[in-house]
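Coordinate inspection notes
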Amino acid sequence: MRLICAKNYQDMSRKAANLISAQVILCPESVLGLATGSTPIGIYRQLISWYEKGDVDFSKAVSINLDEYCGLSPRDTQSYSCFMHQNFFDHINIDPRRVYLPDGMQTNSTLECARYDRVIADNGGIDLQLLGIGRNAHIGFNEPDSCFACGTHQVTLTESTIAANTRFFENEAQVPRQAYSMGMQAIMQAKRVLLIASGADKAEAIRNSFFGPVTPQVPASILQLHRDVIVIADEAALADCPAEA
């Protein structure tokens, strides 16, 4: 694991965007595993800026998103599909045919999970997987559990995750209770994992994930077993880490 300390959110975003842009420049057909939430927004803004300057070309890249809420159509303003288009896809030249997200409107979870696992396999797996981290150390929507979920699966969200995501909705009652999430197998098979964190509210999750035991109760802790993980976090998010780190 490489642990990179950023000064603040802006510095974290730029450092992470540097790695993603380098991946696409060196390998234009890269398969990017992308994430939603407030933390990656600064990365996407930086990548859009570089695209507009002609520094990076996404026309041959593939995007495979981590997750999607169940019950929300791609056109719903709270869906992750809408989020990705508003914050990234609509501002770059990525081919819409190379953009993949789980189908939140598919009510047959067995079919949808199998379909999404085929999407990942048919694209040869993920070259660079971008991850945020929840306060309970979830990655994607892989919540604390008694075991690590291997493939794409339907998740019942924990109360802490629902509470954290309420800020994106008018009230807590509107937050979907279930989601489709990429499983740990695809994440762990990614050639490189880039995890980002910002703020004091992520400090405990970072400490437990990378300086504690590997356990499904701390989902991100499985990344300790990955061969190429880069963690970029600001000073506040690293406040609880051992000094020698």
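Structure: above.
In what follows, the accompanying structure is described. (Residues numbered from 1 in each chain as written. Predicted model: local features only at pLDDT ≥ 70, side-chain atom pairs only at ≥ 80, totals over all residues. Heavy atoms only, no water.)

1. Let's talk about the overall build of the protein chain
Filter applied, for reference: In this description a helix means any DSSP run of H or I spanning at least four residues, a strand means any run of E spanning at least two, and both kinds are numbered starting from the N terminus. Radius of gyration: C-alpha atoms only; globule rule: 2.2 Å multiplied by the number of residues to the exponent 0.38. Here the term buried applies to any residue with accessible area under 20% of the maximum for its type, exposed to any over 50%, and partly exposed to those in between, with areas from a 1.4 Å probe on protein chains only. Note on contacts: a residue pair qualifies if any of its non-hydrogen atoms lie within 4.5 Å across the two residues. For every accessible area listed, the method is Shrake-Rupley and the probe measures 1.4 Å; residues are considered covered only by the protein chains on display. In this tally Asp and Glu are treated as negative and Lys and Arg as positive; neither His nor the chain ends contributes. Where a charge lies is defined by one atom per residue type, namely NZ (Lys), CZ (Arg), CG (Asp) and CD (Glu).
Scanning the protein chain from N- to C-terminus turns up 7 helices and 10 strands. By the compact-globule yardstick of 18 Å for 245 residues, the protein chain fits well, its C-alpha radius of gyration being 17 Å. Dimensions of the protein chain, computed from C-alpha atoms along their principal axes, come out at roughly 45 × 40 × 35 Å. Residues counted as buried form 55% of the 245 residues belonging to the protein chain. Put simply, 79% of the contacts in the protein chain that link residues at least 6 apart link residues at least 24 apart. Carbon and sulfur atoms provide 49% of the accessible area of the protein chain, an area that totals close to 11,000 Å². Averaged over its 20 positive side-chain charges, the protein chain has a centre that lies 5 Å from the centre of its 27 negative ones.

2. Examining unusual backbone geometry
Look at Ala137: it is not a glycine, yet its phi comes out positive at around 75°. Checked against the element boundaries, Ala137 lands in the loop between β6 (128-131) and β7 (153-156). Accessibility expressed as a relative area gives 2% for Ala137, which makes it buried.

3. Considerations on helix α4 (residues 109-122)
In plain terms, the rule: To estimate the expected span of a helix, count its residues, drop one, and scale the result by 1.5 Å. To be clear, the arc concerns the directions from the helix axis to the C-beta atoms.
The terminal C-alpha atoms of α4 lie 20 Å apart, and with 14 residues this matches the ideal 20 Å at 1.5 Å per residue to within 8%. Glu112, Cys113, Tyr116, Val119 and Ile120 are the residues of α4 that are buried. Around the axis of α4, the buried residues are gathered within 115° of arc, so they sit on the same side. Opposite the packed face of α4, turned more than 90 degrees from it, sit the exposed residues Thr110, Leu111, Ala121 and Asp122. Among the structural elements, β3 (62-65), β5 (99-100), β7, β8 (178-181) and α6 (184-189) are those in contact with the buried residues of α4. The first or second residue beyond α4 is Gly124, which carries a positive phi of 80°.

4. Overview of helix α1 (residues 9-26)
As a reminder of what qualifies: Within 3.5 Å is the distance limit for a polar contact, defined as a pair of N or O atoms, with the added protein rule that one can donate a hydrogen and the other accept it, and that residues adjacent in sequence qualify only through two side-chain atoms.
Taking 1.5 Å per residue as the helical rise, α1 with its 18 residues ought to reach 26 Å, and the 26 Å between its terminal C-alpha atoms agrees with that figure. Along its buried surface, α1 packs onto β1 (2-6), β2 (31-34), α2 (41-52), β6, β9 (192-197) and β10 (229-234). N-capping of α1 is provided by Asn8, with a side-chain oxygen placed 3.2 Å from the backbone N of Gln10.

5. Digging into the sheet that holds β6
Note the following rule: By definition, two strands form a pair when at least two bridges between them are found by DSSP. Axis lines are fitted to C-alpha atoms, over the contacting stretch for helices. Their N-to-C directions set the angle, which ranges from 0 to 180 degrees.
The sheet built from 7 strands is open, its strands ordered β1-β10-β9-β6-β2-β3-β5 with parallel pairing. Pairing within the sheet leaves two strands with one partner each, and these edge strands are β1 and β5. Alignment of β6 against β9, held across 4 bridges, turns out to be parallel. Bridge assignment links Leu128 to a residue of β9, and that residue is Arg192. Each of β1, β2, β6, β9 and β10 touches α1; the most contacted strand, β9, lies at about 165° to it. Of the strands in this sheet, β1, β9 and β10 are in contact with helix α7 (residues 203-211), which crosses β9 at around 150°.

6. Side note on the sheet that holds strand β4 (residues 67-69)
The sheet built from 3 strands is open, its strands ordered β4-β8-β7 with antiparallel pairing. The sheet is open, and its two edges are formed by β4 and β7, each paired on a single side. Across the sheet, the mean angle separating the axes of adjacent strands is 25° when strand polarity is ignored. Summarising the sheet, β7 and β8 pair through 4 bridges and their orientation is antiparallel.

7. Regarding the pattern of salt bridges
The criterion, for reference: Between Lys or Arg on one side and Asp or Glu on the other, a salt bridge is scored when a side-chain nitrogen of the former is within 4 Å of a carboxyl oxygen of the latter.
Overall, the coordinates contain 8 salt bridges when judged by the stated rule. Close ionic contact of Arg97 with Asp95 constitutes a salt bridge, the shortest N to O distance being 2.9 Å. A salt bridge links Glu172 to Arg177, with the shortest nitrogen-to-oxygen separation between them at 3.8 Å. Accessibility expressed as a relative area gives 35% for Glu172, which makes it partly exposed. Given a relative accessible area of 36%, Arg177 falls into the partly exposed group.

8. Details of the pairing of β9
Rule in force here: Here, the term right-handed applies to a crossover whose path from the first strand over the helix to the second runs clockwise when the strands point away from the viewer.
Counting buried positions along β9 gives 5 out of 6 residues, so the element sits mostly inside the fold. After leaving β9, the chain enters α7 and then returns to the sheet as β10, a path that is right-handed.

None of this, on its own, says anything about what the molecule does.
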